[in-house]
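So the chains spell out like this:
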Amino acid sequence: MAVELTDPSGIPVKVVAGLHELPALPAQAPHMFNFGHHQARTNAPQRPPREPAAVQRLGHVVLQSTRYIEALNWYLDNLGLIVSDFLYFAGQRDRGPTMSFIRCDRGATPTDHHTLAMALGPANRYVHSAYQVSDLDALAAGGEYLRERGYFRSWGIGRHIQGSQLFDYWRDPDGFLVEHFADGDLFDNTLEPGWAPFTASGLAQWGPPASGDFLGTSPKHARAEALSMFNAVREHNEFDVKRLIGLLKVATS
């Protein structure tokens, strides 16, 4: 059974119940690691093959909205989601958040730090989807496999702050953006939302700086992004001139 809805941004949402489970696909075997004084592997060289990362599941989807607050409340009120972390534009904390990482409320049962992330921006659109893999070796070796086949690394490898995931972002030859991740946070419903400024440098604990491709500031994105910003401001929605200035500061902060 399914119910088809539309969120305030105009993005279609299908809520499905009564799914049946299929047999699990073969998984990549987890590696055994030697950590400092804890040495679990002896006389057994570690040789992870350079092969496609075996996706374990869809982890989350990231959306952008010109009606961010209205859309956020719609998901919280209608789907029973709760917020793990809020981000706000520098100097605009008083106006409220401009990005949120949202998890399922399963009570005392731990669940992913975010199943949905949503940000204020100049267009109503999909940003990326994220797929869990087994570990860092699967992330890195799988990335080499993609690179050899014409995929473009948008950003990575690194570790996020909100959610703590090891991440690696790739664009396929058509420009579609996806993330492979491993080792994400799990929260139950007792944690209150965190608050932090929305900055490019604040998106990762370690790793290369967030790229222009990932942030949408590279030359190949500039014309389309500028047009989106102009149209969004002209439409007099939540993405106003002050919010535009705040967004432009994110990439350099």
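Before reading further, recall that the structure is shown in the block above.
A brief look at the structure comes next. The structure displayed is predicted, hence computed values, not measured ones. Throughout, a residue's number is its position along its own chain's written sequence, starting from 1. Local features in this predicted model are restricted to residues whose pLDDT is 70 or higher, and side-chain atom pairs enter the listing and the counts only when it is 80 or higher, whereas totals over whole chains, interfaces and linings include all residues. Calculated side-chain values reflect all of the structure's heavy atoms, with hydrogen atoms and water omitted.

Residue I157 is reached from G156 by a cis peptide bond, and omega for that bond is 0°. Residues other than glycine seldom take positive phi values, yet D183 does so here, at roughly 60°. Labels follow the DSSP assignment, with helices taken as runs of H or I lasting at least four residues and strands as runs of E lasting at least two, numbered in each case from the N terminus. Locating D183 in the fold gives a position in the loop between β13 (177-182) and β14 (186-187).

What follows covers the pattern of salt bridges. Any Lys or Arg side-chain nitrogen found within 4 Å of a carboxyl oxygen on Asp or Glu counts as a salt bridge. Evaluation of the coordinates by the stated rule reveals 12 salt bridges. The partner of E225 in a salt bridge is R125, with the nearest N and O atoms 3.0 Å apart. Of the two residues, E225 is situated in helix α4 (residues 219-234) and R125 in strand β10 (residues 125-132); the sequence distance between them amounts to 100 residues. Of the residues examined, E225 reaches a relative accessible area of 16% and is grouped as buried. Exposed residues in this analysis have more than 50% of their type's maximum accessible area, buried residues have under 20%, and partly exposed residues fall in between, with area computed by a 1.4 Å probe over protein chains only. The class for R125 is partly exposed, based on a relative accessible area of 25%. The closest approach of N and O atoms between K220 and D213, which form a salt bridge, is 3.1 Å. K220 sits in the exposed class, given a relative accessible area of 56%. Residues joined by salt bridges that share partners form a network here, namely R50, E148 and R149.

To continue, consider the nonpolar core. Only buried residues count toward a nonpolar core, which is a set of Ala, Val, Leu, Ile, Met, Phe, Trp, Tyr and Cys residues joined through side-chain atoms within 4.5 Å. Judged by nonpolar contacts, the single largest core of 39 residues is most densely connected at Y75 and W155. In what follows, a contact means two residues having at least one pair of non-hydrogen atoms within 4.5 Å. Once you skip the residues sitting within four places of it in the chain, W155 turns out to touch H160, F167, D168, Y169, L203, A204, P208, P209, A210, S211 and F214. If you look at the next biggest cluster of nonpolar residues, it comprises six residues, including A138, L139, L166 and A182.

Of all six residues in strand β12 (residues 166-171), six are buried; the element is thus mostly enclosed. What you see with β12 is no split at all: L166, D168 and W170 on one side and F167, Y169 and R171 on the other are buried throughout. Two strands are counted as paired when DSSP detects at least two bridges linking them. For strand β11 (residues 152-160) and β12, the ladder comprises six bridges, and the chain directions are antiparallel. Residue G158 lies in a different strand from β12, and its bridge partner there is F167. From the end of β11 to the start of β12, which pair antiparallel, there are five residues, and G163 there has a positive phi angle of about 100°.

What describes a pair of aromatic rings is the distance from one ring centre to the other and the angle between the planes of the rings. When the centres of two rings from Phe, Tyr and Trp lie within 6.5 Å, Trp using its six-membered ring, the rings pair. Their planes under 30 degrees apart give stacked, over 60 give edge-to-face, and anything left gives tilted. Under the definition given, this model contains 11 aromatic pairs. Considering the side-chain rings of F167 and Y169, the 5.5 Å spacing of their centres and the 50° angle between planes classify their relative orientation as tilted. F167 sits in the buried class, given a relative accessible area of 0%. We classify Y169 as buried; its relative accessible area is 2%. Its end group placed over the ring of F152, K220 keeps NZ or CZ at 4.8 Å from the ring centre. We count a charge as sitting over a ring when the NZ of a lysine or the CZ of an arginine lies within 6 Å of the ring centre and within 35 degrees of the ring normal.

The strand order across the open sheet built from 10 strands is β15-β6-β7-β9-β5-β10-β13-β12-β11-β16, with neighbouring strands paired in mixed fashion. Of all strands in the sheet, those bounded by a partner on one side alone are β15 (194-197) and β16 (204-206). The average angle at which neighbouring strand axes cross in this sheet is 25°, direction not considered. The pairing of strand β6 (residues 81-88) with strand β7 (residues 99-104) spans six bridges and is antiparallel. The partner of V83 across the bridge, within β7, is I102. Packed on one face of the sheet, helix α2 (residues 136-147) meets β11, β12 and β13 and runs near 15° to β12. Note on geometry: axes are lines fitted to C-alpha atoms, helical ones only across the stretch in contact, with angles between N-to-C directions running from 0 to 180 degrees.

To estimate how far a helix should reach, multiply one less than its number of residues by 1.5 Å. With 12 residues, helix α1 (residues 68-79) should reach 16 Å at 1.5 Å per residue; the first-to-last C-alpha distance of 16 Å fits that figure. For α1, the set of buried residues is Y68, A71, L72, W74 and Y75. Viewed end-on, α1 has its buried residues packed into an arc of 155°, placing them on one side of the element. Buried residues along α1 sit against β1 (2-6), β2 (12-16), β5 (57-65), β6, β7 and β9 (116-120). Downstream of α1 by one or two residues, G80 has phi in the positive range, about 70°. This arc is built from the directions going out from the helix axis to the C-beta atoms.

Let us now look at the side chain of S129. Tracing the backbone shows S129 in strand β10. When its relative accessible area of 4% is taken as the criterion, S129 is described as buried. As used in this structure description, the phrase polar contact means that two N or O atoms lie within 3.5 Å; if the pair is within protein, one of them must be able to donate a hydrogen and the other to accept it, and residues adjacent in sequence are counted only when both atoms belong to side chains. One polar contact links S129 to Y131, side chain to side chain, over a distance of 2.9 Å. When neighbours within four sequence positions are excluded, S129 is seen to be in contact with L58, H60, V61, L177, V178 and E179.

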